[in-house]
Amino acid sequence: MIEILGVSKTYGARGAGGPAALTNLSLTVPDGEFLALIGPSGCGKTTTLGLINRLVDPDAGEVRLEGRDIAGQDAALLRRSIGYVFQEAGLFPHLTVAENIAMTPRLMGWPKAETQARVTELLALVRLDAFAQRMPAQLSGGQRQRVALARALAARPHILLLDEPFGALDPLTRDEVAQDVRDIHRRLKLTTVMVTHDMTEALLLADRIAVMRDGALVQAGTPRELVAHPADGFVSAMLETPRRRAVALANALHA
Ligand SMILES: Nc1ncnc2c1ncn2[C@@H]1O[C@H](COP(=O)(O)OP(=O)(O)OP(=O)(O)O)[C@@H](O)[C@H]1O
Ligand SMILES: [Mg+2]
């Protein structure tokens with residue numbers, strides 16, 4: 001279980017007077033849940049993910065995993081136990097697909113045969129069995145994201161963090177990789193936090209959705225709860241489908 005308890009964060013030197021990235025944010029993700037984190041650019045989504053694997057340390061408040069404050073824990077060790085998929089895949093360009101996936105188990109000192117078996121298993125999971133020896137530059141964007149996903153899962157993490165994993169993909173590939181993420185979540189029951197800009201995606205994939213604005217939580221609830229009882233006009237606006245928004249915009253422009 002992930003608990004973010006009253007966390008505030010301002011980047012830069014303390015007292016530098018910059019705007020806060022997070023203000024008294026509290027958010028709990030129960031074991032096995034798929035949470036989507038959604039909100040406008042700059043509202044603090046990536047910062048929130050960073051709290052969970054100590055890429056970002058809070059100025060105030062606390063982050064607990066399995067009930068234990070992570071502030072005192074070794075950041076490198078912690079990161080190896082958490083899968084992270086970056087927006088741009090971030091594969092090691094000079095390593096093959098198989099070597100990319102094997103990276104964390106190797107760093108953790110897994111026996112060679114066990115790592116090899118794990119790589120084979122994950123290549124099947126993300127439907128890239130035939131691609132083990134390719135280099136990242138020889139893959140499509142969607143294939144690269146699937147390798148990044150396999151790499152994040154390699155060392156059997158209990159937590160999976162995804163930062164807009166489908167952001168750079170065309171809509172069809174996006175749906176395909178999104179479907180893979182959902183299937184994998186259903187199969188492995190990992191506690192998952194996924195950042196997205198896309199409410200449709202959040203509604204389709206997530207058990208619960210957390211809507212953020214200006215470094216604070218506006219509303220967290222199941223897709224049904226959000227749709228039935230949006231907390232305010234901001235959440236209602238987020239729930240408007242892109243198509244409805246496009247139609248309203250077109251009507252206004254061509255009136
Ligand atoms: N390393 C940093 N140094 C200084 N300010 C930062 C840093 N990282 C983020 N910020 C600021 O903190 C705020 C929150 O940033 P964050 O990256 O969490 O937003 P986000 O919700 O992920 O946005 P996006 O959807 O554009 O990725 C922004 O105002 C941003 O400019
Ligand atoms: Mg971000």
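The notes below deal with the structure included here. (Residues numbered from 1 in each chain as written. Chains lettered and ligands numbered in written order. Predicted model: local features only at pLDDT ≥ 70, side-chain atom pairs only at ≥ 80, totals over all residues. Heavy atoms only, no water.)

Taken together, Tyr-11, Ala-21, Pro-40, Ser-41, Gly-42, Cys-43, Gly-44, Lys-45, Thr-46, Thr-47, Glu-164 and His-197 are the residues near ligand 1. In this structure, Gly-44 approaches ligand 1 through a main-chain N or O atom, which is 3.0 Å from an oxygen atom. When isolated, ligand 1 has an accessible area of 640 Å², and the protein chains bury 55% of it. Among the residues forming the shell around ligand 1, the class breakdown is four nonpolar, six polar and two charged. (Near = heavy atom within 4 Å. Polar contact = N/O pair within 3.5 Å; in protein donor to acceptor, adjacent residues only side chain to side chain. Areas by Shrake-Rupley, 256 points an atom, 1.4 Å probe, with all protein chains shown as cover. Nonpolar A, V, L, I, M, F, W, Y, C, P; charged D, E, K, R; others polar.)

In this section: the sheet that holds strand E4 (residues 60-65). Strand order in the open sheet formed by four strands is E2-E1-E4-E5, with antiparallel pairing between adjacent strands. Two strands bound the open sheet, and with one partner strand each, they are strand E2 (22-29) and strand E5 (68-69). One ladder, built from two bridges, connects E4 with E5; its direction is antiparallel. Each residue of the ladder has a partner; that of Arg-64, found in E5, is Asp-69. The strands touched by helix H1 (residues 45-52) within the sheet are strand E1 (2-9), E2 and E4, with E1 carrying the most contacts at an inclination of about 125°. (Pairing = 2+ DSSP bridges. Helix = DSSP H or I, 4+ residues; strand = E, 2+ residues; numbered from the N terminus. Contact = heavy atoms within 4.5 Å. Axes fitted to C-alpha atoms, helices over the stretch in contact; angles between N-to-C directions.)

Pairing is mixed in the open sheet, where six strands are placed in the order E6-E7-E8-E3-E9-E10. Single-partner strands in this sheet number two, and they are strand E6 (82-85) and strand E10 (216-221). The sheet shows a mean angle of 15° between the axes of neighbouring strands, taken without regard to direction. As paired elements, E6 and strand E7 (residues 159-163) share four bridges and run parallel to each other. Of the residues in E7, the one forming a bridge with Ile-82 is Ile-159.

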